[in-house]
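The lines below spell out each chain.
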Amino acid sequence: MQLRLISWFFITLNFMEYIGSQNASRVRRQGRMHPNVSQGCQGGCATCSDYNGCLSCKPRLFFVLERIGMKQIGVCLSSCPSGYYGTRYPDINKCAKCKADCETCFTRNFCTKCKSGFYLYSGKCLEKCPDGLEANNHTMECTSVVHCEASEWSPWSPCTKKGKTCGFKRGNEVRVREIVQHPSARGNPCPATSESRKCIVQRKRCQKEGKGKKNREDKRKKSNKDESKETTQESKGRAARRQNREQRENNNKTQPKKRKAPNKEQDLAPIDTAH
């Protein structure tokens, strides 16, 4: 009887130790995978794990898995990195990867920029552009073919020969036009922007350069002479006005003395007659 009680005691003790070890391991595992925010979660994580990084993010942040070596780490970001697009759900915001040929995308089926070697067309990345379009190696997009466009011809210029408009009977006249739209790589090339044709005019003599220079010099001398003449006349007029003003001032000074002279003669005359 005693042996039976002792055996039951040991069986019960071993069973309790087994239960305790299982609970302890479960607690350790839960503490490693789902710690509270107050236990050291950083970088916008709401919940995190020492091994897997962020498990959930704070509001308005995006959850994305980053590969580091052989494992993936959860990260919370304000916007998705290049090569990913964001999707918002009621419980979590996630960053999903774009297609392999997309560098950036709006959704998985709509690319906004392609990787090298591909051309963007209607949200898709193509190795070759469809018919009627051409590959733009600058923007890496499929664009419409642009043909050259030119303006209307200008009027014909005067008939000239060796840069002169006189001294000849047969010459040339030209007209020009401008390019208003340059072509793309596969567009039609631009036409000529100038053309000339022969012309016939009535011959007229050219004025000699020597006479022309002499006439210009004569005109310049004449204008200088007229200016000097006007200046001389003006100075003479000023001198005459100044002289007249001085003469009037002198007359005003000498006029009272002439009036006193007759008075003295009148005073002296009765004295002489009295004797």
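All of these numbers come straight from a predicted model, not from anything done at the bench.

Within this structure, the stated rule accounts for 0 aromatic pairs. Directly above the ring of Y51 sits K71, whose terminal nitrogen or CZ lies 4.9 Å from the centroid. One residue, R197, lies across the ring of W156, its end atom 4.0 Å from the ring centre.

Taken together, the side chains of K161, K162, K164, K169, R170, K198 and R203 present a region of like positive charge at the surface. Examined against the element boundaries, K169 turns out to sit in the loop between β13 (149-150) and β14 (170-176). For K169, a relative accessible area of 46% corresponds to the partly exposed category.

Turning to the state of the cysteines, a few remarks are in order. The final tally for this structure, using the stated rule, is 10 disulfides. Sulfur-sulfur distance for the disulfide between C129 and C142 comes to 2.1 Å. Across the disulfide from C129 to C142, rotation about the S-S bond amounts to roughly -85 degrees, and the bridge is consequently left-handed. Separated by 13 residues along the polypeptide, C129 in the loop between β10 (124-126) and β11 (133-136) and C142 in strand β12 (residues 141-144) bring together distant segments of the chain. Between the sulfur atoms of C148 and its disulfide partner C190 the distance amounts to 2.0 Å.

Taken residue by residue, the protein gives an average pLDDT of 78. The fraction at 70 or more is 68%. Segment residues 24-39 is flagged for pLDDT under 50; beyond a separation of four residues in sequence, or across chains, it makes 14 contacts in the model. Ignoring residues within four places in sequence, the model shows residues 257-275, a span with pLDDT below 50, making 0 contacts including any to other chains.

Relative to strand β6 (residues 93-97), strand β5 (residues 84-88) runs antiparallel, the two sharing 5 bridges. Bridge pairing links T87 to K94 in β6. Between β5 and the antiparallel strand that follows it, β6, lie 4 residues.

Cut-offs and rules
- Residues numbered from 1 in each chain as written.
- Predicted model: local features only at pLDDT ≥ 70, side-chain atom pairs only at ≥ 80, totals over all residues.
- Heavy atoms only, no water.
- Phe/Tyr/Trp six-rings, centres within 6.5 Å; stacked < 30°, edge-to-face > 60°.
- Lys NZ or Arg CZ within 6 Å of the ring centre and 35° of its normal.
- Patch = residues over 30% accessible without salt bridge, like charges linked within 9 Å, V, L, I, M, F, W, Y side chains within 5 Å.
- Areas by Shrake-Rupley, 256 points an atom, 1.4 Å probe, with all protein chains shown as cover.
- Salt bridge = Lys/Arg side-chain N within 4 Å of Asp/Glu carboxyl O.
- Lys, Arg positive; Asp, Glu negative; His and termini not counted.
- Charge placed at Lys NZ, Arg CZ, Asp CG, Glu CD.
- Helix = DSSP H or I, 4+ residues; strand = E, 2+ residues; numbered from the N terminus.
- Buried < 20%, exposed > 50% of the residue type's maximum accessible area, 1.4 Å probe, protein only.
- Disulfide = S-S within 2.5 Å.
- pLDDT = per-residue confidence, 0-100.
- Contact = heavy atoms within 4.5 Å.
- Pairing = 2+ DSSP bridges.

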